[in-house]
Amino acid sequence: MARFLVSLRLPDVFDDALMEIIPRHRAFINHLIAENVVETYAISADRARGWVTMNGEDADEVRAVVEQFPLYDFFSHIEIDELFLFDSVATRLPRISLN
């Protein structure tokens with residue numbers, strides 16, 4: 001299974017319609033994290049951009065999942081890139097403590 005980075009552009013203004021969907025969107029993302037479809041999920045401090053690291057067979061499969069995001073209709077731009085390398089503290093073995 002391949003790993004992909006999804007870059008999202010969020011709207012400039014978060015209106016009431018968008019704000020009402022956020023809890024459902026977060027629940028869906030949490031479900032995808034539990035299912036190991038989503039590995040990481042991040043939104044910039046200014047809430048203008050988002051990044052999601054996802055697992056899938058190909059970009060079409062990942063796009064099909066992204067299209068199910070409750071906030072999908074609010075995204076103005078989506079990029080999906082297959083990753084060659086993905087490394088993070090979370091993917092490494094825990095540090096050994098001699099205490």
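Now for a quick tour of the structure.

Rules used throughout
Residues numbered from 1 in each chain as written. Predicted model: local features only at pLDDT ≥ 70, side-chain atom pairs only at ≥ 80, totals over all residues. Heavy atoms only, no water. Helix = DSSP H or I, 4+ residues; strand = E, 2+ residues; numbered from the N terminus. Contact = heavy atoms within 4.5 Å. Salt bridge = Lys/Arg side-chain N within 4 Å of Asp/Glu carboxyl O. Buried < 20%, exposed > 50% of the residue type's maximum accessible area, 1.4 Å probe, protein only. Polar contact = N/O pair within 3.5 Å; in protein donor to acceptor, adjacent residues only side chain to side chain. Pairing = 2+ DSSP bridges. Axes fitted to C-alpha atoms, helices over the stretch in contact; angles between N-to-C directions.

1. Thoughts on the environment of F86
Part 1: Tracing the backbone shows F86 in the segment after β4 (77-82).
Part 2: The sequence separation of F86 and F4 amounts to 82 residues, and the corresponding C-alpha distance is 9.3 Å.
Part 3: Excluding residues within four positions of it along the chain, F86 makes contact with R3, E39, T40, T53 and T91.

2. Comments concerning the pattern of salt bridges
Part 1: Scanning all chains against the criterion turns up one salt bridge.
Part 2: The closest approach of N and O atoms between E39 and R3, which form a salt bridge, is 2.8 Å. A residue pair is termed long-range when its members are at least 10 positions apart, and E39 in strand β2 (residues 38-43) and R3 in strand β1 (residues 2-9) qualify at 36 residues.
Part 3: Note on R3: relative accessible area 25%, which makes it partly exposed.

3. Re the side chain of S44
Part 1: Along the polypeptide, S44 turns up in the loop between β2 and β3 (49-56).
Part 2: Separated by 2.6 Å, the side chains of S44 and D46 make a polar contact.
Part 3: Apart from the residues lying within four places of it in its own chain, the contact partners of S44 are R49 and W51.

4. Considering the pairing of β2
Part 1: With five bridges joining them, β2 and β3 adopt antiparallel strand pairing. Each bridged residue has a counterpart across the sheet, and for Y41 the counterpart in β3 is V52.
Part 2: Turn length for the β2-β3 hairpin, with the two strands adjacent in sequence and antiparallel, is five residues, and the turn residue R47 shows positive phi of about 60°.

5. Looking at the sheet that holds β1
Part 1: Strand order in this open sheet of four strands is β2-β3-β1-β4, and the pairing throughout is antiparallel. Here the strands that pair on one side only, and so sit at the sheet edges, are β2 and β4. Across the sheet, the mean angle separating the axes of adjacent strands is 15° when strand polarity is ignored.
Part 2: As paired elements, β1 and β4 share six bridges and run antiparallel to each other. Residue pairing across strands places V6 opposite I80, the latter belonging to β4.
Part 3: Here helix α2 (residues 59-66) sits on the sheet and contacts β1, β3 and β4; the angle it forms with β3, its principal contact strand, is near 125°.

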